[in-house]
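Given next are the chains, with one letter for each unit.
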Amino acid sequence: MRNTFFKRTLTAAAVAAAMGMSATAVAQSTTGTVSGQVVTTSDGVVENANVTIRNVETGYTRTVQVDADGNYRFPSLPTGRYVIVANASGYEPNESQEFVISAGGSRELTVPLATGIETIDVSGTAISMVDTRSSGTALNIGEAQIDRIPVPRNATNVALLAPSTTAGDSRFGNLASFGGSSVAENAVYINGLNVTNFRTGTGFSEVPFEFYKEFEVKTGGYSAEYGRSTGGVINTIVKSGTNEWEFGANLYYTPDSFSEDAPDVRYANASATNEYYIYNAADSRDEYEGNIYASGPIIEDTLFIYALYNPRSIERETVGTEAQTFFDDSTDDAFWGAKVDWQINNDHLLELLAFSDSTTTDTLSYGFDPQTGEKSGPPGVSYAENGGKNYSATYTGYLTNDLTMKVMYGENQYDLSSNSDEFAYCSLIRDYRTNVTPPNGIEAGCADTSTYFGEVGEDTRKAFRVDFEWYLGDHLLRFGYDREENTSSSQTSYSGPDQSYFFVETGVPGQQLAGGNTVPAGVDEYVMAREYRVSGDFETIGSAFYVEDQWSITDDVTATIGLRNDTFNNKNAEGESFVKIDNMWAPRLGLSWDVNGDGQSKLFANVGRYFLPVANNTNVRLSGNEYDVRTYYELNGATVGQIEGQDSLILDLGPAFGNVVNADGTIPDTRAIVDQDIDPMYQDELILGYEAAFAENWSWGIRGIRRQLNGAIDDMEISSYLDDTYGCHIGNGYVLGNPGEDTTILARTDCANEVDEMITFNLGEVGYPEAERSYNAVEITLARAWAEGWSINASYTWAHSYGNTEGLVKSDIAQDDAGITQDFDFPELMDGAYGDLPNDRRHMFKAYGAYELTENLRLGANFRLESGRPTNAFGIGHPNGVPAYGDTFYVCKANCNDEANDEYAFFPRGTYGRTPWQARLDLNATYTTQIQNVETEFRVDVFNVLNAQSVARVNEFAEDGAPGVANERFMLPTSYQTPRYLMFSASVKF
């Protein structure tokens, strides 16, 4: 029994939320928990009390009786505003002040009761300043807090408010890196439904900002119910209806006329025909977004609905690299979504959610002259489809006062189709010949980089989970099971009649090419044609069960002891297991100590293991009927002509003189390409921290974090090893396994008699190091909860992310080929790969807050300052010879055509400097008023107020085409931080 009586106001709860604390809650933290004790004013226990909790918005009510120690508990409560009433014979009833339950939130309320002749010196109840039971780290932020500050309207930018998060490479989209992990290692949930892109991990389904009710951003130490993530978790809750009918509408407008452009980038030796590398002056973006919503009771106190319709229009114009192509993108699909809540009775709840985030982006592409600013030629037309329909149903049953069950089933769809009207007849040709103007890979075909690759594809997730929560004295037992069936359908190829991508090159007779091919005598120009296609349906089944005990060891010490077991079964196009990994035991242990026993501070620690599934992209690329062949042709000549009215370089191909067969179109024997004893990819994490409230409404905290990647999966070329050992090899010569560790595969050991046997060898001896990634960080946080019209949250993070692999993606070259990136493809590519990784931001300062200037006028600010990312100098060659493809950490200095006397400069990862620091200040102003008795709000948000123009990314390729050939783009900026732009909005509420 806790004898200390907390005499704190409900503002303390807001402080706790501002500190970013989280407690465990059932079913993906879509609910919260309230517990506490009923005591007398003299701090004695009331044993015969009844406690009733009531949602003031929906009328939902539950009543429980306290135990022998006066304790009570309400588990798995829907988020919202509540009050508690305690009753006992011989005492006056006492009703608490109103308080809020957030997703994953845990509130502890001590309720005092008095006789008729006694008085209560503190009105209502008290809430502890710090959630002393929690040992995880998370940012909980609700609709009211978000509305006060200027934040771009998406879940990623909310996640970036949390310490230890940083924006990932923009070429992957708007995604966040958590604690040094790649942007493809996070998990995103909407009302308990996993909506993460399971093919590559880069992206997720999202609803309009107006549809969100609150966010829980888990940055570490999350409980055993969570898996399939080695980064972070973004857990979101959408709005629900209440007993009050409410109708509203709002409009958001981001005009190009109030937006700035990023700087242009010119070549050092610019000419009239080859001046611009990056041309931003013609960029423009106009965006309109509206919301119309209705919310209220279908049946009062029983059945509620919240529905939203979101029409939107985005018009964007950009110019491609080299300022040769003008792109005109447009999107105008509307979102719709609805949430229905049925309070069947006090013990049974049902939630239904449906929404569609389908979008189609139509692109027109033209020729472009940066000197005149004019576009030319008939447009190429292409499209890209994303998103889809999503559904979920969630049942909550309070089986007894101590036992709760939650069941969820949902489906998540994501369209991945892209194509163009000229796809059937237009090939992409890149002309790398040194005698053309301009050189350096000009797009010379009538297709361009936005239209040359077509796919008809869709990802579908079917998810089921059941969770239980059982309260047994000092133990809160939580256990459950979840299963996902994830299916990727894909038909992919290059454009044009040959389904090929053409590279026109200047050659030197005798020059070594990939696959042991050489340029024939008398040939000074040649073409490499890469023909690629793949199709099929690829399924992955992921299942897990977990058990967790939240044990109150003493009044002041809580242990959270969890264990999770995952199984991943990735299947090939024929439905056979391609990679199956089971018995992945993930222990989790958290300890929290209420230092002074007064709820004002805690010392906590958390250690856990987190497994990451094999991305479905690996199934599609390695276990399908992939055909990937590169053929070398002599070039008889090339002329500029037209194909279906489109300007194009028309190639006259001579005889073929070699090829490289990466995949021949047959579904491979998985035993030959996958380590039969493959280990999973996982990460271990350790957190030590302290949090405390030090004044009314103020709190601070400090945390130390260590993350260590202890296993990774990638594909590695081993044909050379097999050829040297046995004289031949089968398959495509690659194996999916654990770099640097033993691998067991089917190999041809007798070439003459075609005998295949299972063999085991060490990949480290072949030249592949073990995968390494480490992250060390210290976070310091400071917060003042909203009170007296102002609030502030601030943090500083020192962090270091280093190793030889970023993870599932490769930001160096913007490769989202999840799980099978260029890393580890050849031993030469890993020589020098150890160093500071792309998401290493050594220093991060963040601060956001709001101030109520008058009753009707509120100001908000959001500031972020980060140190730059590491840069590299990538070359093409290696002292061991030039690999078949890829980017090495060696740049040739001299004698590059004489292997015996080659001289290379060695630039290990991250040693070529860093991009500049980035600072960004966002401000907003909100004015509320009544117009004809209608609540009306006007708002303006200014993002990047000072129009800071720091370089976000540079070209890191020191060589162009061949060792020793300098790349004139090297170290030129390729991206800047987002320039200043304004968003105007207005809303009405009835």
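On a predicted model such as this, the values are computed, not experimentally measured, just so you know. (Residues numbered from 1 in each chain as written. Predicted model: local features only at pLDDT ≥ 70, side-chain atom pairs only at ≥ 80, totals over all residues. Heavy atoms only, no water.)

Let us now look at the overall build of the protein. Along its length, the protein carries eight helices and 59 strands. Taken over C-alpha atoms, the radius of gyration comes to 30 Å for the protein, in line with the 30 Å a tight globule of 990 residues would show. Residue pairs at least 24 apart in sequence account for 70% of intrachain contacts in the protein once pairs closer than 6 positions are excluded. Accessible surface, the protein as shown: approximately 37200 Å² in total, 50% of it carbon and sulfur. Looking at the protein, you have 65 positive and 140 negative side-chain charges, and the mean spots of the two groups are 6 Å apart. (Helix = DSSP H or I, 4+ residues; strand = E, 2+ residues; numbered from the N terminus. Rg over C-alpha atoms; globule rule 2.2 N^0.38 Å. Contact = heavy atoms within 4.5 Å. Areas by Shrake-Rupley, 256 points an atom, 1.4 Å probe, with all protein chains shown as cover. Lys, Arg positive; Asp, Glu negative; His and termini not counted. Charge placed at Lys NZ, Arg CZ, Asp CG, Glu CD.)

Residues Trp551, Ile553, Ile561, Leu589, Leu591, Val607, Leu686 and Leu688 make up a contiguous nonpolar surface patch of about 640 Å² in total accessible area. Those elements that place two or more of their residues in the nonpolar patch are strand E38 (577–593) and strand E42 (681–695). Topologically, Leu589 is positioned in strand E38. Residue class for Leu589 comes out partly exposed when judged on its relative accessible area of 35%. (Patch = residues over 30% accessible without salt bridge, like charges linked within 9 Å, V, L, I, M, F, W, Y side chains within 5 Å. Salt bridge = Lys/Arg side-chain N within 4 Å of Asp/Glu carboxyl O. Buried < 20%, exposed > 50% of the residue type's maximum accessible area, 1.4 Å probe, protein only.)

Here the focus is the state of the cysteines. Counted according to the given criterion, the structure contains one disulfide. At a sulfur-sulfur separation of 2.0 Å, the disulfide partner of Cys728 is Cys751. Looking down the S-S bond of the Cys728 and Cys751 bridge, the torsion is -100 degrees, so its handedness is left-handed. With Cys728 in the loop between helix H7 (719–726) and strand E45 (734–737) and Cys751 in the loop between strand E46 (742–750) and strand E47 (755–762), this residue pair connects regions lying 23 residues apart in the sequence. Assessed through its relative accessible area of 28%, Cys751 is described here as partly exposed. (Disulfide = S-S within 2.5 Å.)

In total, this model carries 53 salt bridges according to the counting rule given. Between Asp482 and Arg564 there is a salt bridge, with its nearest N and O atoms 3.4 Å apart. Taken together, the residues Asp482 in strand E34 (residues 475–494) and Arg564 in strand E37 (residues 557–571) connect sequence positions 82 residues apart. With a relative accessible area of 3%, Asp482 lands in the buried category. Connected through salt bridges with shared partners, the residues Arg228, Arg461, Asp482, Glu484, Arg564 and Asp566 form a single ionic network.

Our focus in this paragraph is the side chain of Asp817. Examined against the element boundaries, Asp817 turns out to sit in the loop between strand E49 (790–803) and strand E50 (835–836). Taking relative accessible area as the criterion, Asp817 reaches 13% and is therefore assigned buried. Side-chain polar atoms of Asp817 contact the side chain of Asn617, separated by 2.9 Å. (Polar contact = N/O pair within 3.5 Å; in protein donor to acceptor, adjacent residues only side chain to side chain.)

Right, let's get into the pairing of E34. Where strand E33 (residues 453–472) and E34 come together, 20 bridges link them in antiparallel fashion. Across the sheet, residue Arg465 finds its bridge partner in E34, namely Asp482. Counted between consecutive antiparallel strands, the loop separating E33 from E34 contains two residues, among which Gly473 sits at a positive phi close to 60 degrees. As paired strands, E34 and strand E36 (residues 525–552) are joined by 19 bridges and run antiparallel to one another. Within E36, the position partnered with Glu484 by the bridge is Gly542. (Pairing = 2+ DSSP bridges.)

Strand pairing in a sheet is mediated by backbone hydrogen bonds. Such pairs are either parallel or antiparallel. Pairing in this open sheet of five strands is mixed, and the strands run E10-E15-E16-E13-E14 from one edge to the other. Strands with a single pairing partner mark the edges of an open sheet, and in this sheet they are strand E10 (137–142) and strand E14 (193–194). By the bridge criterion, two bridges tie strand E13 (residues 187–190) to E14 in an arrangement that is antiparallel. Looking at the pairing, Ile190 lines up with Leu193 of E14.

Another point: unusual backbone geometry. Of note in this structure, Glu322 is not a glycine but carries a positive phi near 75 degrees. With respect to the helices and strands, the residue Glu322 is situated in the loop between strand E22 (312–319) and strand E23 (325–331). Here the phi dihedral of Glu754 falls at roughly 50 degrees; this positive angle occurs in a residue that is not glycine. Structurally, Glu754 is set in the loop between E46 and E47. Judged by its relative accessible area of 56%, Glu754 is exposed.

Before going further, it helps to examine the packing of aromatic side chains. Considering all chains together, one arrives at 50 aromatic pairs under this definition. The interplanar angle of 75 degrees and the centroid separation of 5.3 Å between the aromatic rings of Phe258 and Phe984 together place this pair among those described as edge-to-face. Linking Phe258 in the loop between strand E17 (246–254) and strand E18 (265–266) with Phe984 in strand E59 (residues 981–989), this pair joins segments that are 726 residues apart in sequence. Classification of Phe984 as partly exposed rests on a relative accessible area of 30%. An aromatic cluster is present here, built from Tyr432, Tyr452, Phe453, Tyr494, Tyr501, Phe503 and Tyr532 joined pairwise through their rings. When the ring centre of Tyr398 is taken as origin, the NZ or CZ atom of Arg62, which lies over that ring, is 4.0 Å away. Positioned over the ring face of Trp786 is Arg148, at 4.1 Å from the centre of the ring. (Phe/Tyr/Trp six-rings, centres within 6.5 Å; stacked < 30°, edge-to-face > 60°. Lys NZ or Arg CZ within 6 Å of the ring centre and 35° of its normal.)

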